[in-house]
Amino acid sequence: MVVKMDDRHPESTTIPSDPTTTANPPTLPTDKTPQPLPRPSLVQKLRYLLLKYLTNTARSTDRTLLRLSKLLSTPSGIDVLLCTTSYTLTLVHALLSRLLERKLAAIATDIAEKANGILLPGETLIATLPAPASTKLIAQVVGSSKALADTIADYRIFVRLWGVVGLYTWARATYAEPLGADAGRKEKVLRGLTWASIVSCVGFQVLENGAYLSSKGALTTARWTGDAGKARENRWWIWSSRFWAAYVGVELVRLGVVRFYGDEASRKVTEAQDDGEKEDKIAREERARKDKLENWLWWKDLASNVAYAPMTLHWSLEQGLLSDWGVGACGMVAGGALLTDAWRRTA
């Protein structure tokens, strides 16, 4: 059988390469080179910065409103916020009142100097002049700040009318947890100070309630009407402040006891560690966080009570002790310390 070579199919359809050439074809040169990105214009930069600012502001405002809502969801949070606001307004009223008096005195002095060479001996000048816009604005702020501060103070006293119920639960819980037989000197001293605080708070609350209800005309018996009733109301206001001053004094003593025995306990722990006792790292960190929180609360209570002390003495005296700006400044510090801690707990 004869097979013709022309009738056979090729084994591959691939065209054999020329052995004189390389396997990869050469890369053709291109004229395109990578171009740098265009720089943003000034308008684009400003637009980006504005959008970034608005976004950050929206997020910050959202977080602030959520924390404010949490703060206002508790009676204690509302009270510390109103306390700080009220005394801040009292300080603003006192400072702007001084500024307003100086401005009015300057206007009166200027008019008197100009009229001095015109008036004859014995003549009196009566003039009505329009006040400058800045003076009008200051007068408006003085009046509104005083009115709002008085409203807030009245509301805070009103919501304290049922504070005796909370004092009862405080006393009941203290009585229901007697000290153990192995209680140390620190626990015994603090328990005695706790009962002193309860007694002083009860005295303050009862007397304040009676004076407040009398001022609103809610007590109409013969003992609370007329001049005798007014004098009794004033006495109750003063004695309620004296019980408040007693509570502040007890709190300052308590803080001193806590600091003294706290330092002593810290020294003992340090000595124990120096003797070779090793604590776990997590336990040490937890202890450090606890100590830091206790130290923060101690300083918060100290700042608040030190600021309250002159205010309680001021209202414990018939003639008073502080000016309006002094009351506002001390109250703003006392309320601000409590508000800072309350705001921290909303995080």
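Fair warning: this is a prediction, and the values are worked out from it, not measured in the lab. (Residues numbered from 1 in each chain as written. Predicted model: local features only at pLDDT ≥ 70, side-chain atom pairs only at ≥ 80, totals over all residues. Heavy atoms only, no water.)

**Re the packing of aromatic side chains**
What describes a pair of aromatic rings is the distance from one ring centre to the other and the angle between the planes of the rings. Applying the stated rule across the entire model yields 7 aromatic pairs. Ring centres of Trp224 and Trp236 lie 4.9 Å apart, and the angle between their planes is 80 degrees; on these two criteria the pair is classed as edge-to-face. Taken together, the residues Trp224 in the loop between helix H5 (185–215) and helix H6 (226–274) and Trp236 in helix H6 connect sequence positions 12 residues apart. By relative accessible area, which is 14% here, Trp224 ends up buried. Given a relative accessible area of 25%, Trp236 falls into the partly exposed group. Members of the aromatic cluster, connected to one another through ring pairs, are Phe204, Trp244, Tyr308 and Trp315. When the ring centre of Trp224 is taken as origin, the NZ or CZ atom of Arg232, which lies over that ring, is 5.6 Å away. Over the face of the ring belonging to Trp239 we find Arg242, whose NZ or CZ atom lies 4.6 Å from the ring centre. (Phe/Tyr/Trp six-rings, centres within 6.5 Å; stacked < 30°, edge-to-face > 60°. Helix = DSSP H or I, 4+ residues; strand = E, 2+ residues; numbered from the N terminus. Buried < 20%, exposed > 50% of the residue type's maximum accessible area, 1.4 Å probe, protein only. Lys NZ or Arg CZ within 6 Å of the ring centre and 35° of its normal.)

**Let's talk about the pattern of salt bridges**
Enumeration according to the criterion identifies 11 salt bridges in this entry. With its nearest N and O atoms 3.0 Å apart, the salt bridge here joins Arg156 to Asp79. Separated by 77 residues along the polypeptide, Arg156 in helix H3 (residues 133–159) and Asp79 in helix H2 (residues 75–115) bring together distant segments of the chain. Ionic pairing is found between Glu233 and Lys230, a salt bridge with its closest N-O pair at 3.5 Å. Residue Glu233 and its partner Lys230 are located together in helix H6, separated by 3 residues, close to a single helical turn. Relative accessible area serves as the criterion here: at 6%, Glu233 is assigned to the buried category. If you follow the salt bridges from partner to partner, you end up with Glu251, Arg254, Lys300 and Asp301 in one network. (Salt bridge = Lys/Arg side-chain N within 4 Å of Asp/Glu carboxyl O.)

**Side note on a nonpolar patch on the surface**
On the surface, Leu42, Leu46, Tyr48 and Leu49 cluster together into a nonpolar patch covering about 470 Å² of accessible area. Counting through the fold element by element, Leu49 comes out in helix H1 (residues 42–71). (Patch = residues over 30% accessible without salt bridge, like charges linked within 9 Å, V, L, I, M, F, W, Y side chains within 5 Å. Areas by Shrake-Rupley, 256 points an atom, 1.4 Å probe, with all protein chains shown as cover.)

**Section: the nonpolar core**
Listed in full, the 11 residues of the largest apolar core are Cys83, Tyr87, Phe204, Trp244, Val248, Ala307, Tyr308, Met311, Val327, Cys330 and Ala334. For this core, the secondary structure elements donating two or more residues are H2, H6, helix H7 (281–316) and helix H8 (324–344). Not counting residues up to four positions away in its chain, the partners in contact with Ala334 are Ser304, Ala307 and Tyr308. (Core = buried A, V, L, I, M, F, W, Y, C linked by side-chain atoms within 4.5 Å. Contact = heavy atoms within 4.5 Å.)

**Description of H8**
Since one α-helical turn is 3.6 residues long, residues separated by three or four positions face the same way. Taking 1.5 Å of rise per residue, 21 residues should cover 30 Å, and H8 covers 30 Å from first to last C-alpha, within 8% of that figure. When we look at burial in H8, the residues that qualify are Gly326, Val327, Gly328, Cys330, Gly331, Ala334, Gly335, Gly336, Ala337, Leu339, Asp341 and Ala342. Close packing links the buried residues of H8 with H1, H2 and H7. (Expected span 1.5 Å × (residues − 1).)

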